[in-house]
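Structure at a glance
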Amino acid sequence: MQHYERVEKVRLLVVDDDPPIADLVATVARYEGWEAVTAYSGEDALKRAAEFHPDIVVLDLMLPGVDGFGVLDRLRASGTMVPVVFLTARDGVADRVAGLTRGGDDYLVKPFAVEELMARLRTVLRRSAGPAFQRSVLQVGDLTMDEDTREVRRGENALSLTPTEYEVLRYLMRKSPTVLTKAQILDHVWEYGFGGRSNVVELVISRLRRKLDETDDGGAPLIHTVRGFGYVLRQASE
């Protein structure tokens, strides 16, 4: 059995005057199953916010025209309390304090890791929504993955995974029972022009198999090799 516990798609507005950064964050959010739109100026951000009604905003400070603080002030003046996470190169303590005291919900400094940004966005959403926030949980057979806490369990056993192992497993779970090629796994896990070889996929799959299959419950293997094609995560009976 494959099961997804999902809420309605989170609507994310990404505001940054550097299009590659804005587009990167939006692309990763869409991979998470969110809806995401971008804006590259303060004026565009306010227009997008009025049209799109985001659930959360990623906001740069240094924007042409209306800066990030101005965007936040206008959002709050309009009556919206949409959570805002600042993403900026301005790393001074005064900037951090100003961002948080003027109504921002979190503050992340560039350069940044996209994984950390997504984790912070989920934390802010969970905090702002309270009990109404439902976790995003993937399940295949007796294997479960909580995408909010990043907890992975096989039956009653908690699994300790490296970040790369986690991302490969998550991709396999999301696509289950689709067979994935090594090239597809490389493209989705080692993103943005990674020039790696397919044997790195084999190495990670081997480690995952060992961790998934060597549990106290002695569960049946979940990751299967489809010769000539690639890998699939599914129950043996599927």
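Residues numbered from 1 in each chain as written. Predicted model: local features only at pLDDT ≥ 70, side-chain atom pairs only at ≥ 80, totals over all residues. Heavy atoms only, no water.

Per an unreviewed UniProt entry, the protein goes by the name Putative transcriptional regulatory protein TcrX and belongs to Streptomyces chartreusis NRRL 3882.

1. Let's talk about unusual backbone geometry
Inclusion rule: Only DSSP runs of H or I with at least four residues qualify as helices, and only runs of E with at least two residues qualify as strands; both kinds are numbered from the N terminus onward.
Looking along the chain, the bond that leaves lysine 110 and enters proline 111 is cis, with omega of -5°. Relative to the assigned elements, proline 111 resides in the loop between β6 (106-109) and α5 (114-129). In the Ramachandran plot, histidine 53 falls in the positive-phi region, its phi being about 50° despite a non-glycine side chain. If you trace the backbone, histidine 53 turns up in the loop between α2 (42-52) and β4 (56-59).

2. Thoughts on the UniProt feature "modified residue: 4-aspartylphosphate" (unreviewed entry) in the protein
The condition is simple: UniProt positions are given in the numbering used here, feature names are shortened, and annotations may be inferred rather than shown by experiment. Contacts are assigned to residue pairs with any non-hydrogen atoms lying within 4.5 Å of each other.
Taking the UniProt record as the reference, the feature "modified residue: 4-aspartylphosphate" (unreviewed entry) is found at Asp60. Checked against the element boundaries, aspartate 60 lands in the loop between β4 and α3 (68-77). Dropping the residues within four chain positions of it, aspartate 60 is found in contact with Val15, Asp16, Asp17, Gly68, Leu87, Thr88 and Lys110.

3. Section: the packing of aromatic side chains
In plain terms, the rule: Ring geometry is summarised as follows: Phe, Tyr and Trp rings, the Trp one being its six-membered ring, pair when their centres sit within 6.5 Å, and such pairs are stacked at plane angles under 30 degrees, edge-to-face over 60 and tilted between the two. Each residue gets one of three labels from its accessible area relative to the maximum for its type: buried under 20%, exposed over 50%, partly exposed in between, using a 1.4 Å probe on protein chains only. A ring is scored as having a charge over it whenever the NZ atom of a lysine or the CZ atom of an arginine sits within 6 Å of its centre and within 35 degrees of its normal.
This model, assessed by the stated rule, comprises three aromatic pairs. Where tyrosine 31 meets tyrosine 171, the ring centres are 6.5 Å apart and the plane angle is 45°; that geometry is what we call tilted. On the criterion of sequence distance, the pair formed by tyrosine 31 in helix α1 (residues 19-31) and tyrosine 171 in helix α6 (residues 163-175) is long-range, its members being 140 residues apart. Judged by relative accessible area, tyrosine 31 falls into the partly exposed class, the value being 21%. Of the aromatic side chains, those joined through ring pairs into one cluster are Phe69, Phe86 and Tyr107. The ring of tyrosine 31 has arginine 174 lying over it, and the distance from NZ or CZ to the ring centre is 5.1 Å.

4. Overview of the sheet that holds strand β2 (residues 11-15)
For clarity, the threshold we go by: For two strands to count as paired, DSSP must find a minimum of two bridges between them. To obtain each axis, a line is fitted to C-alpha atoms, and for helices this fit is confined to the stretch in contact; angles are then taken between N-to-C directions over 0 to 180 degrees.
Taken in spatial order, the five strands make up an open sheet running β3-β2-β4-β5-β6, and their pairing is parallel. The open sheet has two edge strands with one neighbour each: β3 (35-39) and β6. The sheet shows a mean angle of 20° between the axes of neighbouring strands, direction not considered. Looking at chain direction, β4 and strand β5 (residues 84-88) are connected through three bridges and run parallel. Counterpart to valine 57 in the pairing with β5 is valine 84. Each of β2 and β3 touches α2; the most contacted strand, β3, lies at about 155° to it. Contacts between helix α4 (residues 93-101) and the sheet are confined to β5 and β6, with β6 contributing the most and set at about 150° to the helix.

5. Overview of the environment of valine 84
Among the structural elements, valine 84 can be located in strand β5. The contacts of valine 84, once residues within four sequence positions are left out, are Val57, Leu59, Leu72, Leu75, Arg76, Gly104, Asp105 and Asp106.

6. Remarks on the pattern of salt bridges
Inclusion rule: The salt bridge definition used is simple: a Lys or Arg side-chain nitrogen within 4 Å of an Asp or Glu carboxyl oxygen.
Applying the stated rule across the entire model yields 16 salt bridges. The salt bridge involving glutamate 151 is made with arginine 153; its shortest N-O contact spans 3.2 Å. On the basis of relative accessible area, arginine 153 is assigned to the partly exposed category, the value being 25%. Glutamate 202 is paired through a salt bridge with lysine 182; the nearest N and O atoms lie 2.3 Å apart. Placement of the pair is glutamate 202 in helix α8 (residues 199-213) and lysine 182 in helix α7 (residues 182-189), with a sequence separation of 20 residues. Glutamate 202 sits in the partly exposed class, given a relative accessible area of 35%. Linked by salt bridges that have partners in common, Asp16, Asp60 and Lys110 make up one network.

7. Here's the deal with the nonpolar core
Inside soluble globular proteins, nonpolar side chains tend to come together where they are buried. Rules: As used here, the term nonpolar core means buried Ala, Val, Leu, Ile, Met, Phe, Trp, Tyr and Cys residues forming a set that is joined through side-chain atoms within 4.5 Å.
By size, the foremost hydrophobic cluster in this structure holds 27 residues, and its most contacted members are Leu143, Val168, Leu169, Ile185 and Leu233. Mapped by element, the contributors of at least two residues to this core are β7 (137-140), β8 (143-146), α6, α7, α8 and β12 (230-233). Non-local contacts of isoleucine 185, meaning those with residues more than four positions away in its chain, are made with Val168, Tyr171, Leu172, Leu180, Trp190, Val201 and Tyr231. Core analysis: the second largest hydrophobic core is formed by 23 residues, Ala26, Trp34, Val58 and Leu87 among them.

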